[in-house]
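Commentary on secondary and tertiary structure
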Amino acid sequence: MSVQAEGTFCVQGIGSRPKLHVSTDGSGVVGHAGARLLADLAEATGLTGAYSTALGPLRPRGTGHDPGRTATDLAVMLADGGEAIADLAVLRDQGEVFGPVASTPTAWRLLADIDGAVLASLRAARASAREVAWMQAAETGQGIPAVQAGGRELPGLVLDLDATLITCHSEKEAAAPTYKGGFGFHPLLCFLANTGEALSGRLRPGNAGANTAADHITVLDDALAQIPDAQRHGTAILVRADSAGSAKAFLAHIRTLREHGPDLRFSVGYAVTEPVRHAIRTLPEEVWYPALDQNGTLRDGAEVAELTGMVDLTGYPADTRIIVRRERPHPGAQLSLFDQDEGLRHQVFLTDTPSCGGGPAQFLEARHRGHATVEDHIRCGKTTGFGRFPSRDFAINAVWLELSLAAIDLLAWTRVLLLNGELATAEPKKLRYRLLHVAARLTRGGRRLRLRISATWPWRNELADAFHRLAALPRPAG
């Protein structure tokens, strides 16, 4: 904008967009073309075949749509960002790319026919596909990445358990008031911190207790069943949770499992009770040590100390340690009266990692603080299916949750097996925007069906490379 004379202005031209005439008669054009990558990955890992075996009894007289293929299509749709069963239309209306896709009523009937026994079979099918995916990662040199904490790599696998609230805006079976004053469900989930895979999850009423030991045991056992035998029995496994996972029965269960095979350790939050407050107040200043950031540098304004022996932990597994961190609160932090009085925020956790060989308390605290990444996995999971449940029927919604976990797995396997650089750590939103939702043109020639990605699409090479890596993946025998 420029001044011509006092009180008058001249607006400079800014270049108009080209005029468009919109019609609905296009052909040979495909939307969401990158989602075919997920569908083919489900085939390559054996997920589709395992689903077909698990759901075979639900196929009437061997006719109609293969229910296993329908379940896979639902998982692909959720991974692609779909929110409702009707969103299968995106795949169904592009049959040349995705093949025959079940109608919405057919998909509804399949979900309604899956009972508890069949749901368990779906979980087993996902476990078998995971074993193939991990073998493919090993054979292609990728492997399962290590979790970073306190400037070092953690050995083995890290499992993060956490619950979340899902708001329901209509009456649904088992939806109930939540402790935050809302209404809906309160599922408990377990993610693999190494890759972001969703190992297990159980749908629960909104009024389910956050610290229910029985639910934690069930979800952990389901998660361990998802881990291939070689890693479950030959790899160190750390189980992390917030204070809801500090129930004595849950930690005793972890200890019992370790005594019978899997090398399990725990790191769980612990409430700042009056005995804990008393112990903190009696700690001399010289036993406080600087806390660590995740890159191993000193964390400004934070210190760590050990309270083991100063707090009664009767009933907890032998050799359980208790560690506290104090830190200057960030603006807006919610503080207890004790924290306000001390002027510092205190967080406490329990672990059975021994001091000999397990690292100093500063490292163990940084390792435990890494549990916060589970919030990112849950946030992404809510955009990959379990942020919205489709039915009034609780059993159908439980199946929907399981398919959502499969969708999260497909995205995780895509990152590990098919992508590198920035996209290998990208969240679902970025993957959808850059790869999965890309448009392409279908052409035929030389007896081949070609998917032609625009030559000007910024991430065309990354998507093409992903398809090439997918084609080169070793396939399971049979």
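Relevant structure appears above.
Now for a look at the structure at hand. Residue indices begin from 1 for each chain and proceed along its sequence in written order. Local features in this predicted model are restricted to residues of pLDDT 70 or higher, and side-chain atom pairs are both shown and tallied only at a pLDDT of 80 or more, whereas totals for entire chains, interfaces and linings draw on every residue. With hydrogens and water excluded, all non-hydrogen atoms of the structure serve as input to the side-chain values.

1. Points about the side chain of serine 200
Numbering goes from the N terminus for both helices and strands, where a helix is a DSSP run of H or I of at least four residues and a strand is a run of E of at least two. Note on placement: serine 200 falls in strand β11 (residues 198-202). Think of it in three bands: residues with accessible area under 20% of the maximum for their type are buried, residues over 50% are exposed, and the middle band is partly exposed, with areas taken using a 1.4 Å probe on protein chains only. The class for serine 200 is buried, based on a relative accessible area of 3%. Polar side-chain contacts of serine 200 include one of 2.8 Å to the backbone oxygen of valine 219. Apart from residues no more than four positions distant in its own chain, serine 200 is found in contact with Arg126, Leu188, Leu189, Cys190, Val219, Asp222, Ala223 and Leu405. The definition of a polar contact used here is a pair of N or O atoms within 3.5 Å, where within protein one atom must be able to donate a hydrogen and the other to accept one, and adjacent residues in sequence count solely through side-chain atom pairs. The contact definition used throughout considers only heavy atoms, calling two residues in contact when any of these lie within 4.5 Å.

2. Observations concerning unusual backbone geometry
Among all residues except glycine, the phi angle is most often negative; among peptide bonds, the trans geometry is most common. One non-glycine residue, histidine 32, adopts positive backbone phi at about 55°. Checked against the element boundaries, histidine 32 lands in the loop between β3 (29-30) and α1 (35-44). Using a relative accessible area of 24% as the deciding quantity, one classes histidine 32 as partly exposed. Here arginine 447, not a glycine, exhibits a phi torsion of approximately 60°, which is positive. Position of arginine 447 among the secondary structure elements: in the loop between β18 (440-445) and β19 (448-453).

3. Looking at the sheet that holds β18
Across a sheet, strands are paired by hydrogen bonds formed along the backbone, either parallel or antiparallel in direction. The pairing criterion for strands is at least two bridges between them, as found by DSSP. Strand order in the open sheet made by the three strands is β3-β18-β19, with antiparallel pairing throughout. The open sheet has two free edges, formed respectively by β3 and β19, since each of these has just one partner strand.

4. Describing the sheet that holds strand β15 (residues 298-306)
Read from one edge to the other, the open sheet built from nine strands follows the order β11-β10-β6-β12-β13-β17-β16-β15-β14, with strand pairing classed as mixed. Of all strands in the sheet, those with a lone pairing partner are β11 and β14 (289-292), marking the two edges. Sheet twist, expressed as the average angle between the axes of neighbouring strands with direction ignored, equals 25°. For strand β6 (residues 157-163) and strand β12 (residues 236-241), the ladder comprises four bridges, and the chain directions are parallel. Note that in β12 the partner of leucine 157 across the bridge is isoleucine 237. Each axis is a line fitted through C-alpha atoms, taken for helices only over the stretch in contact, and angles between the N-to-C directions span 0 to 180 degrees.

5. Thoughts on the packing of aromatic side chains
The criterion for an aromatic pair is that two Phe, Tyr or Trp rings (for Trp, the six-membered ring) have centres within 6.5 Å, with stacked assigned to planes under 30 degrees apart, edge-to-face to planes over 60 apart and tilted to the rest. Here the structure, examined in full by the defined rule, presents four aromatic pairs. Consider the rings of tyrosine 270 and tyrosine 316, whose centres lie 6.1 Å apart with planes at 75°: the pair is edge-to-face. Of the two residues, tyrosine 270 is situated in strand β13 (residues 263-270) and tyrosine 316 in the loop between β15 and β16 (321-327); the sequence distance between them amounts to 46 residues. Note on tyrosine 316: relative accessible area 15%, which makes it buried. Taken together, the ring pairs connect Phe185, Phe389 and Phe394 into an aromatic cluster. For a lysine, the NZ atom is tested; for an arginine, the CZ atom; a charge sits over a ring if that atom is within 6 Å of the ring centre and within 35 degrees of the ring normal. The ring centre of phenylalanine 363 lies 3.9 Å from the NZ or CZ of arginine 152, which sits over that ring. Positioned above the aromatic ring of tryptophan 288, the side-chain terminus of arginine 326 is 4.0 Å from the ring centre.

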